[in-house]
Amino acid sequence: MIQTETAETAGPDTAEDGTSTALLRAALTERLVEHRADRARTLVASLRELVPATDLTGPDATPDAFDNAVLHHAFQQARIAARTRDADRAMRAVRLWQNRAALRARAVPTAVGPVLVVRAEDCAAVDDDRLGSQMYLLEDLPEQDAGEREQIAHTLNRAVDAALAVGSDVLRSSTAVVIRTGTVPLGATCRSYTFDFLPSTVVLNWTDEPLRLGETLVHEATHSWLNESLASEGVVFEDGGPRFHSPWKNEDRPVFGIVHAALAFANVIHYLSRIQPASDDGSQLAAVLRRRLEVELESLEIGHAAASECFGQVDSDRLRAYLRSAVADARRAV
């Protein structure tokens, strides 16, 4: 077992001022949702400007994670349409938002709300060298095979149920669209990523093993949640600032990257520590889960000092306290 230092912490699941990690996260999520309502009104107004003479209504209330995700996909489609003067794409963007109820009906019902799972090849692929990864945007989707849908729903629900071990705030507010780029076997690395301008959307390698899929959902939902939390708290990091070594990527990264990695992998550690197999379980899955926890605990110990320094540059008392508390909890997870 990896030994972790605990002298600097304030006690199990608490920040330095005694506030529980869960309460801090809940307060940040509440602010995130409030900010989302303002953002949705702005995006719908921008859609009207990008695609004039169309019937576009905004959400009647604060959009949930699903409507928020669809709105951001529609907005990105409309931006590209305006830049390329593609009238057909502009109308597809409008239809995407107008038909959000139909998309919701196609989504998988889960404990954290509807989650739409689609294949990357059924989305609009966008090449942009500035992004570093392929962007996929929702558009008109083909019918899904009933048997495939049933299998996906089964795997996804088991993954979500397992992921709830780390709390529902992050998953419920930041999991809505899953774009599958392929399926990988149990022992393979699952590549996944999110974009800050597509909240609640994750692009990932699918796996039919729910506990491994659950890890990816926790990881990417954390990134999406943190992006929206930084925005709602008004936190902006300076360009060209200092860089710190990241054990997660084995390269020097800016403050933004270290903050994101530390929280994402802290939540992954919380998740993995709660789904560890029995000591006498000799299965391949058990071996993978044990090794994943060992690796992430080791990485967090190596990256902890850099993360602590970077947290000091988060100009929000509440978010900074949560980050420090979440990482401290993870370091004593086992």
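Scoring rules and cut-offs
Residues numbered from 1 in each chain as written. Predicted model: local features only at pLDDT ≥ 70, side-chain atom pairs only at ≥ 80, totals over all residues. Heavy atoms only, no water. Phe/Tyr/Trp six-rings, centres within 6.5 Å; stacked < 30°, edge-to-face > 60°. Buried < 20%, exposed > 50% of the residue type's maximum accessible area, 1.4 Å probe, protein only. Helix = DSSP H or I, 4+ residues; strand = E, 2+ residues; numbered from the N terminus. Axes fitted to C-alpha atoms, helices over the stretch in contact; angles between N-to-C directions. Parallel < 35°, antiparallel > 145°, perpendicular 65-115°, else oblique. Left-handed = near helix turned anticlockwise from the far one by under 90°. Contact = heavy atoms within 4.5 Å. Nonpolar A, V, L, I, M, F, W, Y, C, P; charged D, E, K, R; others polar. Expected span 1.5 Å × (residues − 1). Polar contact = N/O pair within 3.5 Å; in protein donor to acceptor, adjacent residues only side chain to side chain. Pairing = 2+ DSSP bridges. 1 Å grid on protein atoms, 1.4 Å probe; cavity = no way out; pocket = protein on both sides within 12 Å on 5 of 7 lines; lining within 4 Å. Points joined across faces, edges and corners; volume = space filled by probe spheres on them.

## Some remarks on the packing of aromatic side chains
- Per the counting criterion, the structure on display carries 5 aromatic pairs.
- On the numbers, 5.5 Å between centres and 70° between planes, the contact of tyrosine 193 with phenylalanine 195 is edge-to-face.
- For tyrosine 193, a relative accessible area of 10% gives the class buried.
- In this structure phenylalanine 195 comes out as buried when scored by relative accessible area, which is 10%.
- Their ring planes at 70° and their centres at 6.2 Å tell us that phenylalanine 237 and phenylalanine 256 sit as a pair that is edge-to-face. Within this pair, whereas phenylalanine 237 is found in the loop between helix H7 (210–232) and strand E8 (243–246), its partner phenylalanine 256 is found in helix H8 (residues 255–274), the two being separated by 19 residues in sequence.

## Digging into the packing of helix H1 (residues 21–50) against helix H2 (residues 65–84)
- Here H1 crosses H2 at 30°, and the two axes come no closer than 10 Å. With respect to each other, H1 and H2 are oriented roughly parallel. In this structure, H1 crosses over H2, and the sense of that crossing is left-handed. Residues Arg36, Arg39, Ala40, Leu43, Val44, Ser46, Leu47 and Leu50 of H1 form the contact with H2, whose own contacting residues are Ala65, Asn68, Leu71, His72, Ala74, Phe75, Ala78, Arg79 and Ala82.
- Looking at the contact of H1 with H2, its residues break down into 11 nonpolar, 3 polar and 3 charged.

## Re helix H3 (residues 87–98)
- Spanning 12 residues, H3 covers 17 Å between terminal C-alpha atoms, matching the ideal 16 Å at 1.5 Å per step.
- Among the residues of H3, Arg89, Ala90, Arg92, Ala93, Val94, Leu96 and Trp97 are the ones counted as buried.
- Where H3 is buried, its residues touch H1, H2, helix H4 (100–106), strand E3 (124–126) and strand E4 (135–137).
- If you check the start of H3, you find a side-chain oxygen 3.2 Å away from the backbone N of aspartate 88, and it comes from aspartate 86.

## Quick notes on the packing of H7 against helix H9 (residues 284–311)
- The interhelical angle for the contact between H7 and H9, taken along N-to-C directions, is 25°, at an axis separation of 10 Å. Taken together, H7 and H9 sit at an angle that is classed as roughly parallel. Counting all contacts with H7, which are made through Leu211, Arg212 and Glu215, the residues of H9 involved are Leu285, Val288, Leu289 and Arg292.
- A class-by-class count of the residues in the contact of H7 with H9 yields 4 nonpolar, no polar and 3 charged.

## Here's the deal with the sheet that holds strand E2 (residues 113–119)
- The strand order E1-E2-E5-E7-E6 describes an open sheet built from 5 strands, whose pairing is mixed. For this open sheet the edge positions go to strand E1 (108–110) and strand E6 (192–193), each flanked by a neighbour on one side alone.
- Here strand E5 (residues 177–183) pairs with strand E7 (residues 201–206) via 5 bridges, running parallel. Bridge assignment links valine 178 to a residue of E7, and that residue is valine 202.
- Contacts from H2 reach E2, E5 and E7, with the element oriented near 70° to E5.
- The strands touched by H7 are E5, E6 and E7; relative to E7, the strand with the most contacts, the crossing angle is about 155°.

## Description of the pairing of E5
- As paired strands, E2 and E5 are joined by 4 bridges and run parallel to one another. Of the residues in E5, the one forming a bridge with valine 118 is isoleucine 179.

## Observations concerning the side chain of asparagine 227
- Among the structural elements, asparagine 227 can be located in helix H7.
- Setting aside residues no more than four positions away along its own chain, asparagine 227 makes contact with Phe195, Asp196, Phe256 and His260.

## Observations concerning the layout of surface pockets
- Of the volumes computed, that of the largest pocket is approximately 1400 Å³.
- Lining the largest pocket are 44 residues, and of these Ser192, Tyr193, Thr194, His223 and Lys249 lie nearest its centre.
- Among the secondary structure elements, those contributing two or more residues to the lining of the largest pocket are H2, E6, H7, strand E9 (251–254), H8 and H9.
- Considering every element that reaches the lining of the largest pocket, the biggest residue donor is H7, with 7 residues.
- Partitioned by chemical class, the residues of the lining of the largest pocket number 16 nonpolar, 14 polar and 14 charged.
- Quantified by volume, the second largest pocket comes out at close to 500 Å³.
- If you go around the second largest pocket, you meet 18 residues; those closest to its centre are Asp196, Phe197, Asn227, Glu228 and Ala231.
- For the lining of the second largest pocket, the secondary-structure elements that each account for two or more residues are H1, H2 and H7.
- No other element matches the 4 residues that H7 contributes to the lining of the second largest pocket.

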